[in-house]
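Examination of the molecular architecture
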Amino acid sequence: MPAVAARGSFRMTTFAAQPALNRFNRAAIVDANFVALVRDGSLPVMPPRPDHETVRDGVELTCGDLVELFESQMIARHQDIASRQMRARGTGFYTIGSTGHEGNALVGRLTRHTDMAFLHYRSGAFLAERARQVPGLDFIRDTMLSFAASAEDPISGGRHKVWGSVEMHVPPQTSTIASHLPKAVGAALALGRAKKLGLAASPAADDIVICSFGDASVNHAVAQTAFNSAAWATHQNIPVPILFLCEDNGIGISVHTPPGWVEASMSCRPGIHYYLTNGLDILQSCSVVKEAVSDCRRRRRPVFLHFKTVRLLGHAGSDPEMEYHTWEEIEAAEARDPLLATARLAIENGVMSPAQILEMYETVRQRVAQAVAYAEKTPKLTSAATIVAPLAPCFPDKVMSEAARKPAHEDRVRVFGGEDQLPEKSAPKHMATLINAGLADTLIKYPQSMIFGEDVAKKGGVYYVTAGLYHKFGAARVFNTLLDETTILGMAIGAGHMGMLPIPEIQYLAYYHNAEDQIRGEAASLQFFSKDQYRNPMVIRINSWGYQKGFGGHFHNDNSIAALRDVPGLVICTPARGDDAVRMMRTCMALAHVDGRVVAFLEPIALYMTKDLYEEKDGQWQFPYPPPGEAIALGEGRVYDPDAGDLTLLTFANGLHMSLRAARVLRDLHGVRARVVDLRWLNPLNEAFILEQAGATGKTLVVDESRRTGGLGEAILALIHENLGGSVVARRLNALDTFIPLGAAANLVIPQEADVVRCALDVVRAKQS
């Protein structure tokens, strides 16, 4: 095999020159090449220079800087090598590495540890360098604990290999493919307000947010969303101080990025300042990175730093790179090793001798080896209870105490326009009006809260639920977003990271599905992967469910919550009455504030303006506004006619209104007395409450307006049958497994009052097994 020449005076060692090495073990070969080329290189050894001298005229990098940067690069390299050795021994469980990307140590040095950083998985050298800014951190040990899935891993506790650190302001990321970009933009957007409220990590007025990713991720829809939203905000002179760090190694697993594509896509993007640099050469990159960071700090606008790198050792240890690259291509990439480039700079400029480089390289190897030996002996996660503990923290007493805490009375009087205008002194109102007043109270109580989404500001929402809030609280607290649900939820996550209490609105339940991974993959997983050290609390208001009259079709009458129910730790609730909505919102905000929870608050569109229950103009679906201090506990349901013993109707949302009407028909026309149970909280289910109500009558019908497949009725019936068995007759009434059509045809596929009566009679007549 022909040798592949390296740049400068180094000559690349090939597999043929090292017959003792396994050709497939590229980590060992890259390691051996570095040692051999530094030891045997023909570069002249220059006299040693003081640490404070600049490495080269015109470059603001001292000799001491270069030595420390080089050490950080070595740390990342040896951690990668060790991770593959651990995997071979069965003591390590992650081999996606940073090899080839070690130049990002420079970005770690030229930014602050208080600049919140959302990093992708090739960020070892960045963090090794950033760790220097935080005394007392043992970055090497902490990283190897993570590779070993150790319960002592300080960030995830062994739940995943993640780059993350509370002290370094790096929220943990798993193997993200651009899904972290929207929340990074959200954090940058929220940074200014967080500073004003004293919630930010540091008092510095010019902190920024950093977000790193690969060139292949640039093409992902969620990345394009982030770039677009950042530019959209900048176009309106809204500060977005974010540094997009694109570490371009030219390939995504096995798919090459077309040459020039990232430049063509990003260099002329409106609102985003583009910088290009060779990330393999620290000296060459120094001035560019400094300028990019300074630009972002000074102008408070997004910067795209295109950082050219090389990927060595394949995508991961399990990636057989020779399936899509020739040996010559693999060796050509290895010849561009950034550690060789830094060694060349250090030797040529008299900063370090080859002997000093190798001494430091072997010292780092030993430090990593010692950390590995320690990590391999540490305990691992051994119980399911321990694993899930940080997923959904729950302190009910603290939550209810917070929910009952009242906003300042004088602020309420000012906002509502006088003592006699307080909502609790008004006549009973329908749900939309009560929620509106409840949101005003929420904004008064929590100065860090804000409402945002499509059309929520001056228009007041498509159903006018947020009407007037923009004028009462201003554009900083109630504002419109661009029409993109990924951006809305990403903004909420980022704001939560900055200490805010966001209340994003998703205009329709069907629209949630456009951005579901922002909750499942990002928001709801944060406490799990950080041992509850990081939180992104939020209450997501979603205009939900079907039964709209005169308007609708699938996208405005969606009845599927399967994608929400699938998210671990997500709280899901749905009020059916306006007074319940207010009390539940208070609890939801307390859950977010106290426990850091992510909550989906599903508001039934068809009940927003509903005033009547049984007869036209009976006004029985209007309720007084609950005074501050009243709240409904998580899981607490409501039972109508609790003495009824013939039948239990378990339901929620529109099903409550329907079931109460059906219960009157059952009583008056069929002599059947049914208790109607409003669950109110759909996740987690109050299992004891459900079993109590089902067992009380022995006959249960679940009235579930969601689809038969994936609907809540599945879980409820399984719960009843697993616990009560044949002692209870339990059936369900669901919508059909179909999309909802337009107009009156919708009533043919979703439960109706007559269906509830018919199915209820079937249950009553059925015999227990």
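The residue count restarts for each chain, going from 1 along the sequence in the order it is written. Local features are withheld for residues below a pLDDT of 70 in this predicted model, meaning they are given only at 70 or higher, and side-chain atom pairs are given and counted only at 80 or more; totals for whole chains, interfaces and linings count all residues. The side-chain numbers reported here are obtained from all heavy atoms of the structure, hydrogens and water having been left aside.

Structural notes on the sheet that holds strand β1 (residues 117–118)
Applied cut-off: Being paired, for any two strands, means DSSP has found at least two bridges between them. The way it works is that DSSP assigns letters per residue, a run of H or I at least four long becomes a helix, a run of E at least two long becomes a strand, and they are numbered from the N terminus.
Ordered by their spatial adjacency, 5 strands build an open sheet running β1-β4-β5-β9-β8, and the pairing between neighbours is parallel. If you trace the sheet from one side to the other, it starts and ends with β1 and β8 (273–278), each paired once. Inspection of the sheet shows strand β5 (residues 242–248) paired to strand β9 (residues 303–308) by 6 bridges, in the parallel sense. Its bridge partner lying in β9, Leu-243 is registered against Val-303.

Quick word on the packing of aromatic side chains
Condition: Side-chain rings of Phe, Tyr and Trp, where Trp is taken by its six-membered ring, are said to pair if the distance between their centres is within 6.5 Å; with planes under 30 degrees apart they count as stacked, over 60 as edge-to-face, and otherwise as tilted. Throughout, exposure labels follow a simple rule: accessible area from a 1.4 Å probe, protein chains only, divided by the maximum for the residue type, with under 20% read as buried, over 50% as exposed, and the rest as partly exposed.
Tallying each qualifying case throughout the model produces 18 aromatic pairs. Between the aromatic rings of Phe-34 and Phe-70, the centroid separation amounts to 6.3 Å while the plane-to-plane angle is 80°, which identifies the pairing as edge-to-face. One end of the pair, Phe-34, is in helix α1 (residues 26–40); the other, Phe-70, is in helix α2 (residues 63–89), and 36 residues separate them in sequence. Residue Phe-70 is classed as buried on the basis of its relative accessible area of 0%. Here Tyr-463 and Tyr-608 contribute two aromatic rings whose centre-to-centre distance is 5.5 Å and whose plane-to-plane angle is 40°, an arrangement assigned as tilted. With Tyr-463 in the loop between β10 (449–453) and α17 (469–473) and Tyr-608 in the loop between β15 (598–604) and β16 (638–640), this residue pair connects regions lying 145 residues apart in the sequence.

Some remarks on the packing of helix α5 (residues 139–147) against helix α12 (residues 354–377)
Applied cut-off: To obtain each axis, a line is fitted to C-alpha atoms, and for helices this fit is confined to the stretch in contact; angles are then taken between N-to-C directions over 0 to 180 degrees. Roughly parallel refers to an angle under 35 degrees, roughly antiparallel to one over 145, roughly perpendicular to one between 65 and 115, and oblique to any angle outside these ranges. Handedness of a helix crossing follows the sense of rotation of the near helix relative to the far helix, less than a right angle counterclockwise being left-handed and clockwise being right-handed. In this analysis, two residues are considered to be in contact whenever any of their non-hydrogen atoms come within 4.5 Å of each other. Classification used: nonpolar for Ala, Val, Leu, Ile, Met, Phe, Trp, Tyr, Cys and Pro, charged for Asp, Glu, Lys and Arg, polar for all others including Gly.
As a packed pair, α5 and α12 sit with axes 8 Å apart at the nearest point and diverge in direction by 45°. Here α12 runs oblique to α5, going by the angle between their axes. Crossing of α5 against α12: the hand is right-handed. Across the interface between the two elements, Ile-140, Arg-141, Met-144 and Leu-145 from α5 touch Arg-367, Val-368, Ala-371, Val-372, Tyr-374 and Ala-375 from α12. A breakdown of the residues in the contact of α5 with α12 according to their chemical character gives 8 nonpolar, no polar and 2 charged.

Section: the sheet that holds strand β19 (residues 681–683)
Strand order in the open sheet formed by 7 strands is β11-β10-β12-β13-β15-β14-β19, and the pairing between neighbours is mixed. Each edge of the open sheet is held by one strand with a lone partner, namely β11 (478–480) and β19. For this sheet, the mean angle separating the axes of adjacent strands, direction not counted, is 20°. Sheet analysis places strand β14 (residues 571–573) next to β19, joined by 2 bridges and oriented antiparallel.

What about the pairing of strand β13 (residues 538–544)?
Judged by how many residues are buried, β13 sits mostly within the fold: 7 of 7 residues are covered. Here β13 shows a buried face lined by Met-538, Ile-540, Ile-542 and Ser-544 and a second buried face lined by Val-539, Arg-541 and Asn-543. In terms of strand pairing, strand β12 (residues 501–506) meets β13 through 2 bridges, oriented parallel. Looking at β13, one finds that Ile-506 is bridged to Ile-542. Here β13 runs beside β15; their pairing, made up of 7 bridges, is parallel. Note that in β15 the partner of Met-538 across the bridge is Val-598.

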